[in-house]
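Descriptive analysis of the structure
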Amino acid sequence: MEFSLNPEQQQLNDSLRRYLDKTYTFDTRRQQVKSGAPFSDKHWQAFAEFGLLGIGMPEEYGGLGATENAAEDTMVVMECFGHSLVVEPYLSTVILCGGLVRDLGAPSQCAALLPDMVAGGKTLALAAFERAGRYQLSHVSTTARRDGDGYELNGVKSVALNADSADTLIVSARTRGGVGEEDGISLFLVGHDTAGLARRAYPTFDGSRAAQIELKDIHVGGAAMLGPEHNAYAALEHAIDRGIAAMCAEAVGAMDALVAQTLEYLKTRKQFGVAIGTFQALQHRMVDMFIAAEQARSITMLATLKVNSTNVAERRRAVAAAKSLVGQSARMVGQQAVQLHGGMGVTDELPISHYFKRLTAIDLTFGDAHYHRGRLGEMLALAE
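Let me sum up the structure you'll find in this document. (Residues numbered from 1 in each chain as written. Predicted model: local features only at pLDDT ≥ 70, side-chain atom pairs only at ≥ 80, totals over all residues. Heavy atoms only, no water.)

A closer look at the overall build of the protein chain
Across its full length, the protein chain carries eleven helices and ten strands. Computed over its C-alpha atoms, the radius of gyration of the protein chain comes to 21 Å, within 12% of the 21 Å expected for a compact globule of 384 residues. Along the first, second and third principal axes, the C-alpha set of the protein chain runs to 80 × 50 × 40 Å. Contacts in the protein chain between residues far apart in sequence, at least 24 positions, make up 75% of those at least 6 positions apart. Accessible surface, the protein chain: about 16700 Å² in total, of which carbon and sulfur atoms supply 52%. (Helix = DSSP H or I, 4+ residues; strand = E, 2+ residues; numbered from the N terminus. Rg over C-alpha atoms; globule rule 2.2 N^0.38 Å. Contact = heavy atoms within 4.5 Å. Areas by Shrake-Rupley, 256 points an atom, 1.4 Å probe, with all protein chains shown as cover.)

Examining the pattern of salt bridges
The final tally for this structure, using the stated rule, is 17 salt bridges. Two residues, D206 and R358, come together in a salt bridge whose shortest N-O distance is 2.6 Å. With D206 in the loop between β6 (197-203) and β7 (209-221) and R358 in helix α10 (residues 351-364), this residue pair connects regions lying 152 residues apart in the sequence. The two residues D206 and R358 agree in class, both being buried. (Salt bridge = Lys/Arg side-chain N within 4 Å of Asp/Glu carboxyl O. Buried < 20%, exposed > 50% of the residue type's maximum accessible area, 1.4 Å probe, protein only.)

Some remarks on the packing of aromatic side chains
The geometry of an aromatic ring pair is captured by the separation of the ring centres together with the interplanar angle, meaning the angle of the planes. Per the stated rule, a full pass over the model turns up nine aromatic pairs. Taking the centre distance of 5.5 Å and the plane angle of 65° together, the rings of Y19 and F50 count as edge-to-face. Remark: F50 occurs in helix α3 (residues 41-50) and Y19 occurs in helix α1 (residues 7-23); sequence separation between them is 31 residues. Here Y135 and Y371 contribute two aromatic rings whose centre-to-centre distance is 5.2 Å and whose plane-to-plane angle is 55°, an arrangement assigned as tilted. Remark: Y371 occurs in helix α11 (residues 369-383) and Y135 occurs in the loop between β1 (124-127) and β2 (143-147); sequence separation between them is 236 residues. The exposure class of Y135 is partly exposed, given its relative accessible area of 22%. Taking the relative accessible area as the measure of exposure, Y371 reaches 23% and is therefore partly exposed. By way of ring pairs, the aromatic residues Y19, F39, W44, F47, F50, F81 and Y90 are connected into one cluster. (Phe/Tyr/Trp six-rings, centres within 6.5 Å; stacked < 30°, edge-to-face > 60°.)

Concerning the nonpolar core
Counting residues in hydrophobic clusters, the biggest one holds 98 residues, and the most contacted among them are F81, Y90 and L100. The element that contributes the greatest number of residues to this core is helix α7 (residues 233-268), accounting for 20 residues. Membership of the second largest hydrophobic core comes to 21 residues, among which are V190, I213, V220 and M225. (Core = buried A, V, L, I, M, F, W, Y, C linked by side-chain atoms within 4.5 Å.)

Looking at the pairing of β6
Sheet topology places β6 next to β7; seven bridges connect them, and they run antiparallel. Bridge pairing in β7 links L197 to L215. With antiparallel pairing between neighbouring strands as the criterion, β6 and β7 make up a hairpin whose turn holds five residues, including G207 at a positive phi of roughly 95°. (Pairing = 2+ DSSP bridges.)

Here's the deal with the environment of A198
Topologically, A198 is positioned in strand β6. Distance from A198 to I213, taken between C-alpha atoms, is 5.9 Å for residues 15 residues apart in sequence. Beyond its immediate sequence surroundings of up to four residues, A198 is in contact with Q212, I213 and E214.

Let's talk about unusual backbone geometry
Peptide bonds are mostly trans, and most non-glycine residues show a negative phi. Even without glycine at this site, R134 takes up a positive phi of about 50°. By the element assignment, R134 lies in the loop between β1 and β2. Positive phi is not limited to glycine here, since N162 has a value of about 60°. Here N162 lies in the loop between β3 (150-161) and β4 (168-174). Classification of N162 by relative accessible area gives buried; the value is 11%.

Section: α3
Regarding α3, the residues found buried are H43, W44, A46, F47 and A48. Buried residues in α3 make contact with α1, α2 (26-35), α4 (70-84), α5 (90-104) and α6 (107-118). Downstream of α3 by a residue or two, G51 has a phi angle that is positive, lying close to 90°.

A short note on the pairing of β3
Pairing between β2 and β3: five bridges, direction antiparallel. Among the inter-strand pairings, A144 is bridged to a residue of β3, identified as L153. Alignment of β3 against β7, held across nine bridges, turns out to be antiparallel. In the strand pairing of β7, V156 is matched with E214.

Structure, rendered in structure tokens:
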């Protein structure tokens, strides 16, 4: 498969990479994470000025337009973010929630959320997973019962990415049916200051942020429902698939950085008076790392090109295959980078350990390599 950036995408890649290399250094990122602040307002506003928050969003709401190249543009951005270990809530706000509002929102909802999001004044987070669900989006025990002209929400959501600082949450809740059924799932917009909403925030091991969301007798009006009642599962699944493809691109960027930094280390670290990069065994391991990273890049390109396919089965297969292989490659590249750096590879002062942590977190988010390998096998079996 051939994939090359068009002139606009190449310019975006070059400009964003220059900005991140200059202002989003490893030390800057470490200080940001240690400060406990959810993200940097300075960098978030810079992303808005770059137009990154408007990728795929309609022009009437300040976006760059829902073009056919939006998925590839997102891949370019996420690869740059992976290379610099960006912790800002781009995935949760723009790709997951922004996409859901764009696809399902009424004009009044889009007008209330998207312009502020594109301008960098509002962040959003998706609360769709539950503790007993094991990556299953249809495992929704949170309930939404009719209450006058609105709904009463009760339940607990787990590992809601960047939900600790989000202005608005998109919450999945069951309006009919039983736990595990795809039918009966609805989405609701819940403001961060809604009475009865509790957020238990915590840092994740890779430097990101997440929260447990508790909803107790929360009342929302009928206008808070996002999309059709009972039938939001398909759009929710599509949003998660877009998120998976984007995270695969982020992993490719992180693996590129690991390969480059490990190669540079082998060229400069000396044993017995010579650079260890001259040892044939280590050269072979570097080649294996490079091949794994390039395989991940190729399958990420495939998933990116298929993620908006009207053929749902084709989209699901491409995304599952990418998440499985990228997770496998990320583990291999991360482990080899640590091993080739020796004890230094696990220290907090060296970027290597931070890249490895982020790659591990990417593998675990929205289903690890083992989960998606099994999912892909089931889909292929059904296709026979």
